[in-house]
Amino acid sequence: MYAERVLSGMRPTGSLHLGHYHGVLKNWVRLQNEYPCLFFVADWHALTTQYDDPRGIEQATWDMVIDWLAAGVDPNKASLFIQSQVPEHAELHLLFSMMTPLGWLERVPTYKDQQEKLAGKDLTTYGFLGYPLLMSADILIYRADKVPVGEDQIPHVEFSRELARRFNHLYGREPGFEEKAREAVGKLNSKNKRSFEHLRTRYQQDGDAGALEQARALVQEAQSLSHADRERLMGYLEGTGKMILVEPGYLLTEASKMPGLDGQKMSKSYNNTITLREDAASVTQKVKRMPTDPSRVRRTDAGDPDKCPVWQLHQVYSDEACKDWVQKGCRSAGIGCLECKQPVIDGILREQAPMQERAQSYLDNPALVRDIIADGNAKASKLARETMRDVRAAMGLSYR
Ligand code: TRP
Ligand code: SF4
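We now turn to the structure provided with this report. On a predicted model such as this, the values are computed, not experimentally measured, just so you know. The written sequence of each chain sets the order in which its residues are numbered from 1. Just so you know, chain letters begin at A and ligand numbers begin at 1, following the order they were written in. Residue-level local features of this predicted model are given only where pLDDT is at least 70; pairs of side-chain atoms are given and counted only at 80 or more, and the full residue set underlies all totals for whole chains, interfaces and linings. To get the side-chain values, all heavy atoms of the structure are used, and hydrogens and water are removed first.

Some points on the site of ligand 1
What counts, and what does not: Here a residue is considered near a molecule or strand provided that any single heavy atom belonging to it is located within 4 Å of it. Here a polar contact is recorded for every N or O atom pair within 3.5 Å, except that within protein the pair must consist of a potential hydrogen donor and a potential acceptor, and residues adjacent in sequence are included only if both atoms are side-chain atoms. Per-residue and other accessible areas follow the Shrake-Rupley method at a 1.4 Å probe size, with only the shown protein chains counted as cover for residues. Secondary structure elements follow DSSP: runs of H or I no shorter than four residues count as helices, runs of E no shorter than two count as strands, and numbering proceeds from the N terminus.
Surrounding ligand 1, one finds 13 residues, the nearest of these being Phe40, Tyr131, Met135, Asp138 and Gln153. Between ligand 1 and tyrosine 131 there is a distance of 2.6 Å, counted from a nitrogen atom to a side-chain nitrogen or oxygen. Summarising the interface, the protein chains cover 88% of the accessible area of ligand 1, which totals 370 Å² for the free molecule. The set of elements that each furnish at least two residues to the shell around ligand 1 consists of strand 1 (6–10), helix 8 (131–140) and strand 4 (146–149). Sorting elements by how many residues they give to the shell around ligand 1 places helix 8 first, with four residues.

Details of the site of ligand 2
Where we set the bar: With a 1 Å grid laid over protein atoms only, a set of points is called a cavity when a 1.4 Å probe fits there but cannot get out and a pocket when it is open yet has protein on both sides within 12 Å along at least five of seven lines; lining residues have an atom within 4 Å of a point. Here the criterion for a molecule occupying a pocket or cavity is that more than half of its atoms lie within 2 Å of the pocket grid points. All amino acids are sorted into three groups, where Ala, Val, Leu, Ile, Met, Phe, Trp, Tyr, Cys and Pro are nonpolar, Asp, Glu, Lys and Arg are charged, and the leftover types, Gly among them, are polar.
As a matter of local geometry, ligand 2 sits amid Thr292, Asp293, Arg296, Cys308, Val310, Val326, Cys330, Cys337 and Cys340. Of all the cavities here, the one that holds ligand 2 is the largest cavity. Residue composition of the shell around ligand 2, grouped by class: six nonpolar, one polar and two charged.

Some thoughts on the nonpolar core
The condition is simple: Joining through side-chain atoms within 4.5 Å is the link that ties buried Ala, Val, Leu, Ile, Met, Phe, Trp, Tyr and Cys residues into a set, and such a set is a nonpolar core. Only protein chains enter the accessibility calculation, which uses a 1.4 Å probe. A residue is then buried if its area is under 20% of the maximum for its type, exposed if over 50%, and partly exposed in between. Throughout, a contact is declared for two residues whenever any of their heavy atoms are within 4.5 Å.
One finds Leu18, Leu25, Phe39, Trp68 and Leu80 to be the most contacted residues of the largest nonpolar core, which totals 48 residues. Examining the composition of this core, we find that eight residues originate from one element, helix 3 (residues 57–71), more than from any other. Setting aside its immediate chain neighbours within four residues, leucine 25 contacts Met10, Leu16, His20, Asp67, Trp68, Ala71, Val73 and Leu276. Core analysis: the next-biggest nonpolar cluster, separate from the first, contains 40 residues, Leu133, Leu140, Ala144 and Met388 among them.

So, the packing of helix 3 against helix 18 (residues 366–395)
Rules: Here an axis means a line fitted to C-alpha atoms, over the contact stretch when the element is a helix, while the angle between two N-to-C directions is reported on a 0 to 180 degree scale. The cut-offs work like this: below 35 degrees is roughly parallel, past 145 is roughly antiparallel, 65 to 115 is roughly perpendicular, and the gaps in between are oblique.
Close contact between helix 3 and helix 18 brings their axes to 11 Å; oriented N to C, the two are set at 90 degrees. Accordingly, the angle class assigned to the pair helix 3 and helix 18 is roughly perpendicular. When helix 3 is examined against helix 18, the residues Trp62, Val65, Ile66 and Leu69 are found in contact with a partner set consisting of Val369, Arg370, Ile372 and Ile373. Looking at side-chain class alone, the contact of helix 3 with helix 18 contains seven nonpolar, no polar and one charged residues.

So, the packing of helix 14 (residues 280–288) against helix 17 (residues 337–364)
Put simply, the rule is: Handedness of a helix crossing follows the sense of rotation of the near helix relative to the far helix, less than a right angle counterclockwise being left-handed and clockwise being right-handed.
Close contact between helix 14 and helix 17 brings their axes to 9 Å; oriented N to C, the two are set at 145 degrees. Crossing of helix 14 against helix 17: the hand is right-handed. Note on element contacts: helix 17 touches helix 14 through Leu338, Lys341, Val344, Ile345, Ile348, Leu349 and Gln352, opposite Ala280, Val283, Thr284, Val287 and Lys288. Each residue belonging to the contact of helix 14 with helix 17 can be placed in one class, and the counts come to eight nonpolar, two polar and two charged.

Details of the pattern of salt bridges
Any two side chains of opposite charge can pair if their charged atoms end up close together. Note the threshold: We count a salt bridge whenever a side-chain nitrogen from Lys or Arg sits within 4 Å of a carboxyl oxygen from Asp or Glu.
The final tally for this structure, using the stated rule, is 24 salt bridges. As a salt-bridge pair, arginine 165 and glutamate 247 come within 3.1 Å of each other at their nearest N and O atoms. Note that arginine 165 is positioned in helix 9 (residues 154–171) and glutamate 247 in the loop between helix 13 (227–238) and strand 5 (249–252), a separation of 82 residues in sequence. The partly exposed category is assigned to glutamate 247, whose relative accessible area is 28%. Of the charged contacts in the structure, one is a salt bridge between lysine 307 and aspartate 304, with a shortest N-O distance of 3.7 Å. By relative accessible area, aspartate 304 is classed as buried at 18%. Residues joined in a network through salt bridges with shared partners are Asp304, Asp306, Lys307 and Arg331.

Digging into unusual backbone geometry
If you check the backbone angles, arginine 143 has positive phi at about 50 degrees while not being a glycine. Since its relative accessible area comes to 10%, arginine 143 is described here as buried. At tyrosine 399, a position not held by glycine, the phi torsion is positive, near 50 degrees. By secondary structure assignment, the location of tyrosine 399 is in the segment after helix 18. Judged by relative accessible area, which is 72%, tyrosine 399 ranks as exposed.

Side note on empty space enclosed by the protein
For clarity, the threshold we go by: Grid points are joined across faces, edges and corners, and a volume is the space filled by probe spheres set on the points.
Applying the stated criterion across every chain yields a total of two cavities of 30 Å³ or more. Along the wall of the largest cavity there are 14 residues; nearest its centre are Cys308, Val310, Cys330, Cys337 and Cys340. At the level of elements, helix 15 (309–317), helix 16 (320–331) and helix 17 are the ones that each hand at least two residues to the lining of the largest cavity. Residues belonging to the lining of the largest cavity are distributed by class as follows: nine nonpolar, two polar and three charged. Counted as a void, the second largest cavity has a volume near 40 Å³. As for the second largest cavity, its lining consists of Pro75, Ala78, Ser79, Leu80, Ile372, Asp375, Gly376 and Lys379.

Here it is in structure tokens:
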């Protein structure tokens, strides 16, 4: 019914690191070749936890967008925009806030988790509780059916599915829907009437998908029906009313296999990152300082790659021949750790080279980035306005 569309957002955290690249960004770059994509900076989401210090958000946004572009996100293929520049997200969020039971929000697992994790901050705010509503507005306003997210965000996407269903249930029906739907059934010839009722029962009571298909075909083919009656019968059949908002699906983004410099997951809060555009000298120094298997105290001590975070980086950057060289050389003390680290350094620098180059053209000409975002904002606004027109009409807020 709607074009397949991918939508994803990222909070503006400033410069991204290679963990983001190997997790999220490579995935976006792949998806942009397969679907129409919308990628946005979730700057309002940053405010849910950073409301006391919002000044850095703007700079963090531009830095992050340059990193997206550096990683190969292509503005000719995907639309890149900033959430707060499409204020329709806020309007939909407000309307959702009217119809969402508090219990739904309190039950979202990240709500309590995050409050505990960020215990130093007062997160007993209205906006923080409403985070999943804002995220639902982000998704549903584009009628996106594919939302790439990490595992931690899946409950939020599921939340948005429930909300879409609730919205369609509450507002997707015209006044007197049941009666009009029954009248429409009456307009079918007697054979079709009986089949339709039978198939509808089989679908609604037993969830029989085949029956749903048959009934849909029957409605499509019935000559005697107006377009409006056909829509009514579809809604009557599926028990949903009209589908104003689309229930999205998620695409699970596999967790990045990129380890940090200490072997833990790469993360800003662990202080173990290499940024996407980190300069060569700093990359070299960071890798050279990485801890290795602690049992290799002297150069002549044999080691075990399984106990060494450098080995994990070889998994990302080295071919089989090189990995073989590491295994043999480490276990026999045939190679030194600095020697072992060199191919990793080379691998990282090789990966970064095209990113540095792309980034440089945007750093030299910041107006390019502003134009890309202005263009994306305009494209997103157009889609958001279309949805909001339907939403307002469904809720009786059109004032025509
Ligand atoms: N909540 C997401 C995160 O913290 C960011 C986000 C906001 C998002 N709105 C979204 C992701 C809509 C996908 C779709 O990572
Ligand atoms: Fe780690 Fe390589 Fe040193 Fe072995 S040789 S301990 S794998 S850095």
